[in-house]
Amino acid sequence: MASPDLFPNVAFSDVSASAAPAAEGATAAFGVSAATGGPRLSLVKAGEPEVEPTVEIDLSDAQIFKLGASEWLCVYGESEAKAGVEEKSFSRAIKVVLRTEAESKAFSLAFQRWKQQVISGKAGEPLENGSIIASRSKFDTKIEASSAKMYFHYYGQLLHQQNMLQDFVRTGTYYAAVMENRSDFEGRVVVDVGAGSGILSLFAAQAGARHVYAVEASEMAEHAQRLISGNPSLGQRITVIKGKVEEVELPEKADILISEPMGTLLVNERMLESYVIARDRFLAPDGKMFPTTGRIHMAPFSDEYLYVEMANKALFWQQHNFFGVDLTPLHGSAFQGYFSQPVVDAFDPRLLISPPTYHTLDFTSMKEEELYEIDIPLSFVASVGTRVHGLACWFDVLFNGSTVQRWLTTAPGSPTTQWYQLRCVLSQPLYVMAGQEITGRLHLVAHSAQSYTIYLTMSAKMWGVGAEQGGILQTSTGKLELKEPYYRLSQPQSYMPQDQQQQQQLPSLQPQGSEQQMQEGLSPGITIDQVDQECGLH
């Protein structure tokens, strides 16, 4: 077959000129317009020079629609100007017929690739018999341009792709899930959603996929193309498409989607929405999704070390004479500010004070809009008497293959992954007794910076004889920003039993005490009782 940007021996006809005969043996060529410098599609009749195309289509406002296995309808806008007459705009439709179905697929991909380069102000202008509307994808309407720019820049760098590839729990689980379920991939069409380096596309090809479409919106698409081209035995069955899944067109439906759309707390970066959109746009009925479902796990925890560490950060703002300035008016805001950061780290599962519960997201059936706002009721029973410092969260995803079901987990105590775990720390802890019920709500609200605001409420209910007649003893709330976590990724503190946590005076992150205090193991920083006083708990 010819170059993917040049298609010989096509037929085309102007649909709007019903009497015009079809031009046989013509050439369709994608390139750059000499007049405007923008992407264009030229249709040249047989025997005519390519520099003088019969039809030249500006791709800035063009769209194509599939009419048959090898037939496409290209609709675009034109204008007509006559002396002394106001310029008129109208739509024009050209039917293009390719020789084979394979060429038809390549024509569609070339159209999308060249159209991705368009930055035009013509879209949406009124035409005489309608309008050509630049399809603003759902991604563009939901996400701030500045956030998207930073997001795609981040994932367009090889060093970040390397970090993900070197997470061997992540990469190894994906490889195992694919290879153990070869029957789901052999001879099938696969779409890799957010392909990144292209590693999952290569896995799918190794498992025998007939063809893989690797869709990647960042500059990483170019690196993926080089990596795939460097593995020709696999790469000949992989097509890299640069663009967002909300916008690109594929020449055929997929039998299986594969993706790594998980962020911190499963939903951060809002790529799950793109995964669901890709399902609706590309997946054939009864097609499979790898991963298939996800679960957010939650449990209350007690961690005096972490609580005092966070409270100590605000001590800076308790200075009454900072170069002659009293900083204390800002202490309260600073204190709450630190507690608005979810903590991302790996913690000892023995810090959990109740068996966890979970909330399930079924990627195969859920609606995209269900990810805009996630409301999870909480209900736990404390297994020990202690102070509850907040809610610990992690996630897992299931690859529901026909042969093997495999889980990828980020649970505490399991091998650590790039996602670690996440903890929402309350600025005012709760006091509970063993057997006491803890209720509340975890409410996640999506926003345009590709993340979520977390609203957490936790309450300790009446405990003991007659508790069923009682109500809430204590309630603590928090508002946290998932996009701005506190990455606490040093070695986790050694576990200390709950009763000893209560008794010990805890160290500060910024020791300023005497050498004797240090030698005797006394804390020069804030104590638990002092934190309680700051919070108004005593």
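In the annotation of an unreviewed UniProt entry, the chain is listed under the name Probable histone-arginine methyltransferase CARM1 and assigned to Urochloa decumbens. What the UniProt record of the chain gives under Catalytic activity (unreviewed entry) is the line "L-arginyl-[protein] + 2 S-adenosyl-L-methionine = N(omega),N(omega)-dimethyl-L-arginyl-[protein] + 2 S-adenosyl-L-homocysteine + 2 H(+)". Looking at the Function (unreviewed entry) heading of the UniProt record, one finds this comment for the chain: "Methylates (mono- and asymmetric dimethylation) the guanidino nitrogens of arginyl residues in several proteins involved in DNA packaging, transcription regulation, and mRNA stability. Recruited to promoters upon gene activation, methylates histone H3 and activates transcription via chromatin remodeling."

So, on to the environment of I376. Positionally, I376 belongs in strand β18 (residues 373–381). When the C-alpha positions of I376 and G440 are compared, they lie 8.7 Å apart, and in sequence the two are 64 residues distant. If we skip the residues at most four places from it in the chain, I376 touches M298, H359, G440, R441 and L442.

Once that is clear, we can look at the side chain of R279. With respect to the element layout, R279 can be found in helix α9 (residues 271–282). The buried category is assigned to R279, whose relative accessible area is 10%. One polar contact links the side chain of R279 to the main-chain carbonyl oxygen of T364, over a distance of 3.4 Å. At 2.8 Å, the side chain of R279 and the backbone oxygen of M366 are in polar contact. Ignoring sequence-local partners within four residues, the contact set of R279 consists of L257, M289, F363, T364, S365 and M366.

Further remarks concern helix α10 (residues 304–313). Residue pairs three or four apart in sequence face the same way in an α-helix, which turns once every 3.6 residues. Of all the ten residues making up α10, nine are buried; the element is thus mostly covered by neighbouring parts of the structure. What α10 keeps buried is the set E304, Y305, L306, Y307, V308, E309, M310, A311 and N312. One side-chain oxygen at the N-terminal end of α10 lies 3.3 Å from the backbone nitrogen of Y305; it belongs to D303.

Let us look at the sheet that holds strand β22 (residues 437–447). Pairing is antiparallel across the open sheet formed by four strands, whose spatial order is β18-β22-β23-β24. Edge positions in the open sheet fall to β18 and β24 (472–481), since each of these has one partner strand only. Strand-to-strand twist of the sheet, defined as the mean angle between neighbouring strand axes without regard to direction, takes the value 15 degrees. Pairing between strand β23 (residues 451–461) and β24: nine bridges, direction antiparallel. By the bridge assignment for β24, T453 is matched with E481.

You can see V193 is positioned in strand β10 (residues 189–193). Its relative accessible area of 1% is what places V193 among the buried residues. Note: C-alpha distance between V193 and E216 (23 residues apart in sequence) is 7.1 Å. Non-local contacts of V193, meaning those with residues more than four positions away in its chain, are made with V215, V245, L257, I258, S259, E260, M271, S274, Y275 and A278.

To continue, consider the pairing of β22. Sheet analysis places β18 next to β22, joined by nine bridges and oriented antiparallel. The residue bridging V381 from the neighbouring strand is E437, located in β22. The sheet contact formed by β22 and β23 spans ten bridges and is antiparallel. The partner of R441 across the bridge, within β23, is T457. Between β22 and β23, which pair antiparallel one after the other, the connecting turn spans three residues, and Q450 there sits at a positive phi close to 65 degrees.

Definitions and limits used
- Residues numbered from 1 in each chain as written.
- Predicted model: local features only at pLDDT ≥ 70, side-chain atom pairs only at ≥ 80, totals over all residues.
- Heavy atoms only, no water.
- UniProt positions renumbered as here; feature names shortened; annotations may be inferred.
- Helix = DSSP H or I, 4+ residues; strand = E, 2+ residues; numbered from the N terminus.
- Contact = heavy atoms within 4.5 Å.
- Buried < 20%, exposed > 50% of the residue type's maximum accessible area, 1.4 Å probe, protein only.
- Polar contact = N/O pair within 3.5 Å; in protein donor to acceptor, adjacent residues only side chain to side chain.
- Pairing = 2+ DSSP bridges.
- Axes fitted to C-alpha atoms, helices over the stretch in contact; angles between N-to-C directions.

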